[in-house]
Structure formats: structure tokens, C-alpha cells
Amino acid sequence: MVTTFKFKNGDQMPILGLGTWKSAPGDVYKAVKAAIAAGYRHIDCAHIYGNEAEVGHALSDAFSEGVVTREQMWITSKLWNDSHAPEDVRPALKETLSNLQLEYLDLYLIHWPVALKKGATFPLTPEKLVSLEVLPILITWSEMEGLADEGLCRHIGVSNFSMAKLQDLLENARLKPEMNQIELHPYLQQTSMLDFCEENNIYLTAYSPLGSADRPDSLKADDEPVLLENPTIATIAKHHGATPAQVLLSWAMQRGTAVIPKSVNPDRIKQNLAAADLSLTAADMQTIAELDLNRRYVDGTFWQVDGGPYTLAALWDL
Ligand code: A2P
């Protein structure tokens, strides 16, 4: 199985990384240290996760203890929605770098194609949202390009972008997006997005690859199937002497996407990394392909405020 994505400039991103969304301060230091000790070389972060300073502490300790070097690690972070205005983009990255105690990021992503007024927090009101007509993504993107030119991040990309929004960047941007990080798992397979990105040389990273059963209640519906308990996944796991989580991760990697499972538990952190050694058969892949429900858990309803500029149809270009 491919273990890294290779970029045009020769950089390589390990396709299995540690997710840190929902990792509480107090837990995430140990999780990052355990992951690096286990062999992870890719950590996925974001300003909005509220834990970058603690991730930075763990990275700094791992570097000073000689466990790994900065160059051996791949660190991704994301520009939060309240910093899309041109004057806010560079300071946002500088703050993230300061929190992470790094000189540069390997990858910086626009977290959502949604703009908020500076400092706006939940609960949202229409006044806190800024439409993409007023603050177009291309304006924010050109600042991201400047950051890449400066070497503050080696690669730039996006997250939660539809194919139409990617197409707009592909047609109009000076530097093409190299990554789209999206929700991807057997209940939300996004096959046409996978094909589109392959055709356009954009890599995909799957977030919530395990179905993110621990996401906040505000992101949960009542009738949700729990992916990690799916009986078909359990049967395949049993057949290979693997765990359901390993089947989900191996499936995603064999489809050609990167994965960033979140865990703060040392045993599960190791278990998830070992998914790279699990080889699913073509029949397993086909069986899992049939589980698609087009079920988006992180569906963006929180951006859809009565009287505000964002609708789900416009967000996902449905
Ligand atoms: P924990 O951090 O206690 O391990 P996702 O990456 O899809 O958002 O999923 C994260 C959730 O899955 C967290 O609740 C995490 O809990 C849990 N998790 C992570 N790895 C495993 C695993 N190998 N088996 C079962 N649950 C896991």
C-alpha cells in the first residue's frame, strides 16, 4: 500500500496521521507524545480545536528529546473562518505557528468555505456571518498563496470544499490547492469527489474516518447508525484478525485517501497505526463500497442561520 503522498516539490506526507479534533487539553499532550513514540509522523491540527499550544508543547518536547526532528514530521493546521479577511490571514498563521512552536507548517488549509466576522463565536447570528460575495474565497486564497511564497507553509489547500468550489480555485488561482480535507467514511464515500480530485491532482484527506462517534451533541442526529459497530465491518475485521477501526482506516487508505483518526488512548493510537499493515481484498473493498448512505455527520447546518448568507445547498453546491 502507498504510505505517503508525494508532492511536486518532492515533499512526502504520511497518509496516516493523528487527528486532534475533540482531543481535550490535558489529553492531547500525551496523545501526541504517544503517537510519535509509536511511529506517527503526521499530526493534523486546527486553530479552532483550541489545543494547538498543547500540541506544540508535545512537539517541542519530542524534538528536544531527540525522538524525531522537525523535518521528519508533517504538521497540518487550518485557518479559522473568522480570519478570512486579507489582513487577518497572516496573523492567524503566525498565531498558529507560535502556539505550535514551529517556524513553518507543512500544510495550511482554509478550514471552511464560510467567513465569520473577526472574533465571532457560537451561537451564530446573521450579523456574525460574512457572505462569500462580500469576502470571496479567492481573496483569502491569494493571501494563502503569499504565505506559501514566504515559506511559512510548504503547501496550501482547503477543507470542506465542494467540487464546484475546487473548480473555481483550479480555474482562477495562481497556486492550485494541493489538498481537500473532507469527511469520508463508508457511510459517506464521496466517490465522485474522489474521481474529481484524482483527475485534478488534488489529494484527499479523510476526516472522521471512524465515524466520529464522539462529536459534540450539536452535530448529532437521533437516528444515527454507529459506523464502528457496523456488522459488515465487524465480519471483515474478524476474518482478518483485525479491529473494525483498522478495517475502516485500511479501506480509506486503499482507496487512495489519507486518514487522520483521532484518539487520545495509547493502545488505540497504536492500533490505528497498525491499520497500514492490513490488506483488504478486492471483495472486501466491494462489500464496503455497498455500505454508502451518503450520510454527512458534519453537515454544516451550524452555518445555516435564519436570515444569514449560508444555506446547505450553497455550502455543498447541491
Ligand atoms: P478515543 O480518543 O478515546 O480513542 P474520528 O477520528 O472518526 O473522529 O473518531 C474518533 C473517535 O473514535 C473517538 O471517540 C476515539 O476515542 C475513537 N477511536 C479512536 N480510535 C479507535 C479505535 N481504534 N477503536 C475504537 N474507537 C476508536
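Residues numbered from 1 in each chain as written. Predicted model: local features only at pLDDT ≥ 70, side-chain atom pairs only at ≥ 80, totals over all residues. Heavy atoms only, no water.

K.L.:
Can you help me understand the sheet that holds strand β5 (residues 74-79) in this one?
P.N.:
Strands belonging to one sheet form pairs held by backbone hydrogen bonds; the direction of such a pair is parallel or antiparallel. If you trace the eight strands from one edge of the open sheet to the other, you get β3-β4-β5-β6-β9-β10-β11-β12, paired in parallel fashion. Two strands lie at the open edges of the sheet, namely β3 (18-19) and β12 (258-259), each paired on one side alone. For strand β6 (residues 105-110) and strand β9 (residues 153-159), the ladder comprises five bridges, and the chain directions are parallel. Opposite L107, over in β9, you have H155 as the bridge partner. Strands in contact with helix α3 (residues 86-100) are β5, β6 and β9; relative to β6, the strand with the most contacts, it is inclined by about 135°. (Pairing = 2+ DSSP bridges. Helix = DSSP H or I, 4+ residues; strand = E, 2+ residues; numbered from the N terminus. Contact = heavy atoms within 4.5 Å. Axes fitted to C-alpha atoms, helices over the stretch in contact; angles between N-to-C directions.)

K.L.:
Explanation requested: the pattern of salt bridges in the structure shown.
P.N.:
This structure, assessed with the given rule, holds 10 salt bridges. A salt bridge links R70 to D106; its shortest N-O distance comes to 2.9 Å. Separated by 36 residues along the polypeptide, R70 in the loop between α2 (52-64) and β5 and D106 in strand β6 bring together distant segments of the chain. Accessibility assignment for this pair places R70 and D106 in one class, buried. Taking the shortest distance from any N to any O, the salt bridge between D149 and R174 comes out at 2.6 Å. You can see D149 sitting in helix α4 (residues 137-150) and its partner R174 sitting in the loop between α5 (163-172) and β10 (179-183), a full 25 residues away along the chain. According to the relative accessible area criterion, D149 is partly exposed, its value standing at 49%. Using a relative accessible area of 52% as the deciding quantity, one classes R174 as exposed. (Salt bridge = Lys/Arg side-chain N within 4 Å of Asp/Glu carboxyl O. Buried < 20%, exposed > 50% of the residue type's maximum accessible area, 1.4 Å probe, protein only.)

K.L.:
Looking at this structure, I do not really get the site of the ligand. What am I missing?
P.N.:
Neighbouring the ligand are 17 residues, the closest being S212, K262, S263, R268 and Q271. Within the side chain of K22, one N or O atom sits 2.8 Å away from an oxygen atom of the ligand. A distance of 2.9 Å separates an oxygen atom of the ligand from a polar backbone atom of L210. Protein chains bury 84% of the 580 Å² of accessible surface belonging to the ligand in isolation. The element contributing the most residues to the shell around the ligand is helix α9 (residues 266-273), with three residues. Broken down by class, the residue content of the shell around the ligand amounts to six nonpolar, seven polar and four charged. (Near = heavy atom within 4 Å. Polar contact = N/O pair within 3.5 Å; in protein donor to acceptor, adjacent residues only side chain to side chain. Areas by Shrake-Rupley, 256 points an atom, 1.4 Å probe, with all protein chains shown as cover. Nonpolar A, V, L, I, M, F, W, Y, C, P; charged D, E, K, R; others polar.)

K.L.:
What exactly am I supposed to notice about the UniProt feature "binding site: substrate" (unreviewed entry) in the protein here?
P.N.:
UniProt marks H111 with the feature "binding site: substrate" (unreviewed entry), using the numbering shown here. Here H111 falls in the buried class, since its relative accessible area comes to 6%. In this structure H111 touches A46, I48, Y49, K78, L79, W80, N81, S159 and N160, once residues within four positions along its chain are discounted. (UniProt positions renumbered as here; feature names shortened; annotations may be inferred.)

K.L.:
Can you walk me through the UniProt feature "site: Lowers pKa of active site Tyr" (unreviewed entry) in the protein in this structure?
P.N.:
Following the UniProt record, the feature "site: Lowers pKa of active site Tyr" (unreviewed entry) maps to K78 here. Its location among the elements puts K78 in strand β5. Non-local contacts of K78, meaning those with residues more than four positions away in its chain, are made with D44, C45, A46, H47, Y49, Y108, L109, H111 and Q181. A polar atom in the side chain of K78 sits 2.6 Å from the side chain of D44.

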